[in-house]
Amino acid sequence: GAGVSQSPRYKVAKRGQDVALRCDPISGHVSLFWYQQALGQGPEFLTYFQNEAQLDKSGLPSDRFFAERPEGSVSTLKIQRTQQEDSAVYLCASSLGQGSTEAFFGQGTRLTVV
Amino acid sequence: AQSVSQHNHHVILSEAASLELGCNYSYGGTVNLFWYVQYPGQHLQLLLKYFSGDPLVKGIKGFEAEFIKSKFSFNLRKPSVQWSDTAEYFCAVNKAAGNKLTFGGGTRVLVKP
């Protein structure tokens, strides 16, 4: 498709369960970002890839969060042993590359941990 | 660390009214500034951006924003809103040499027909 695609759109996980969230960026986009958006707040940066290299993971809240982009296109955000505070919308964005002016966002995955 | 604050969490107004949403950021260096909009059920979309040059920037759908460096502000305006402008609006910044965005908390705008 023409835009950033995320799946699943909704995920309900039991506390302690592992989850994997997928992002398909726009074809040819070098940069890929993950953000976390808690209810009623703005998105907060989690991690950034340039091609397959994870250049910045300073926003990952704990070592239970792990992201990868092994072939420089599709990315997966994995959360291990989910906790209730992980409930949020997880947004993926892509852009053409370093210094590119615009990031394009997907619709997000709404994660609810029960 | 840089931060972004949006003054209003909720704004309710009638069609044809004027809209102004405040945004202030804290960062001493050169920044790029953005306004994103999220319509109900849709993804974040770029409304407008400022990198350099004329501090008054015009975006899509009749929106404009003014960068006032001395006030660290980038307020969004629209002279006459429509019902279809009902959405959540986010101000964001990034450093000139970087890419990751720092967002404000968002302002929910409801335009009554």
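Computed from a predicted structure; not experimentally measured.

The rules behind the values
Residues numbered from 1 in each chain as written. Chains lettered and ligands numbered in written order. Predicted model: local features only at pLDDT ≥ 70, side-chain atom pairs only at ≥ 80, totals over all residues. Heavy atoms only, no water. Salt bridge = Lys/Arg side-chain N within 4 Å of Asp/Glu carboxyl O. Helix = DSSP H or I, 4+ residues; strand = E, 2+ residues; numbered from the N terminus. Buried < 20%, exposed > 50% of the residue type's maximum accessible area, 1.4 Å probe, protein only. Polar contact = N/O pair within 3.5 Å; in protein donor to acceptor, adjacent residues only side chain to side chain. Contact = heavy atoms within 4.5 Å. Buried area = accessible area lost by both parts, 1.4 Å probe. Nonpolar A, V, L, I, M, F, W, Y, C, P; charged D, E, K, R; others polar. Core = buried A, V, L, I, M, F, W, Y, C linked by side-chain atoms within 4.5 Å. Disulfide = S-S within 2.5 Å.

Student: Would you explain the pattern of salt bridges in this entry?
Tutor: Pairs can form between side chains of opposite charge once their charged atoms are near each other. On inspection of all chains with the given rule, the structure shows nine salt bridges over all chains. Between Lys-100 of chain B and Asp-56 of chain A there is a salt bridge, with the nearest N and O atoms lying 3.2 Å from each other. Linking Lys-100 of chain B in the loop between β10 (87-95) and β11 (102-103) with Asp-56 of chain A in strand β6 (residues 53-56), this pair reaches from one chain into another. The exposure class assigned to Lys-100 of chain B is partly exposed, which follows from its relative accessible area of 34%. Across the pair Lys-58 of chain B and Glu-64 of chain B runs a salt bridge, and its minimum N-O distance is 2.9 Å. Several salt bridges converge on common partners, so that one network encompasses Lys-58, Glu-64, Glu-66 and Arg-77 of chain B.

Student: Where do I start with the side chain of Thr-86 of chain B in this structure?
Tutor: All names here are of chain B. Mapped onto the secondary structure, Thr-86 falls in the loop between β9 (73-78) and β10. Within the local environment of Thr-86, its side chain forms a polar contact with the backbone nitrogen of Val-111, the two atoms lying 3.0 Å apart. Setting aside residues up to four positions removed in sequence, Thr-86 forms contacts with Tyr-39, Pro-40, Val-109, Leu-110 and Val-111.

Student: Would you take a moment to explain the interface of chain A and chain B for this structure?
Tutor: Quoted interface sizes are often the accessible area lost when the parts come together. Tallying the contact residues gives 22 residues for chain A and 18 residues for chain B. Summed over both partners, the interface of chain A with chain B buries about 1,500 Å², with 52% contributed by carbon and sulfur atoms. Where chain A meets chain B, there are one salt bridge. Our enumeration of links across chain A and chain B arrives at five residue pairs in polar contact (both at pLDDT 80 or more). Sorting the residues of the side of chain A that touches chain B by element identifies β4 (31-37) and β5 (44-50) of chain A as the ones contributing at least two each. The dominant element in the side of chain A that touches chain B, judged by the number of residues it contributes, is β4 of chain A, at three residues. Partitioning the side of chain A that touches chain B into residue classes produces eight nonpolar, 12 polar and two charged.

Student: Sorry, what's going on with the nonpolar core here?
Tutor: Within soluble globular proteins, side chains that are nonpolar generally end up buried alongside one another. Formed by 28 residues in total, the largest nonpolar core has its most connected members in Trp-35, Leu-48, Phe-74, Leu-76 and Tyr-89 of chain B. In terms of nonpolar packing, the next biggest core, distinct from the first, is built from 20 residues, Phe-65, Ile-79, Ala-88 and Leu-111 of chain A among them.

Student: I would appreciate a short explanation of the state of the cysteines in the present structure.
Tutor: Should the sulfur atoms of two cysteines be covalently bonded, the bond is a disulfide. Tallied over the entire structure, the rule returns two disulfides over all chains. Sulfur-sulfur distance for the disulfide between Cys-23 of chain A and Cys-92 of chain A comes to 1.9 Å. Its torsion about the S-S bond being -65°, the disulfide of Cys-23 of chain A and Cys-92 of chain A is classed as left-handed. Here Cys-23 of chain A, found in strand β3 (residues 19-24), pairs with Cys-92 of chain A, found in strand β9 (residues 88-95); they are 69 residues apart in sequence, far enough to count as distant. With a relative accessible area of 0%, Cys-23 of chain A lands in the buried category. Under the relative-accessibility criterion, Cys-92 of chain A is labelled buried at 0%. The residue that forms a disulfide with Cys-23 of chain B is Cys-91 of chain B, at a sulfur-sulfur distance of 1.9 Å. Disulfide Cys-23 of chain B-Cys-91 of chain B: the torsion about the S-S bond is -65°, which places it as left-handed. Taken together, the residues span a long stretch of sequence, with Cys-23 of chain B in strand β4 (residues 23-26) and Cys-91 of chain B in strand β10 at a distance of 68 residues. Like Cys-91 of chain B, Cys-23 of chain B is buried.

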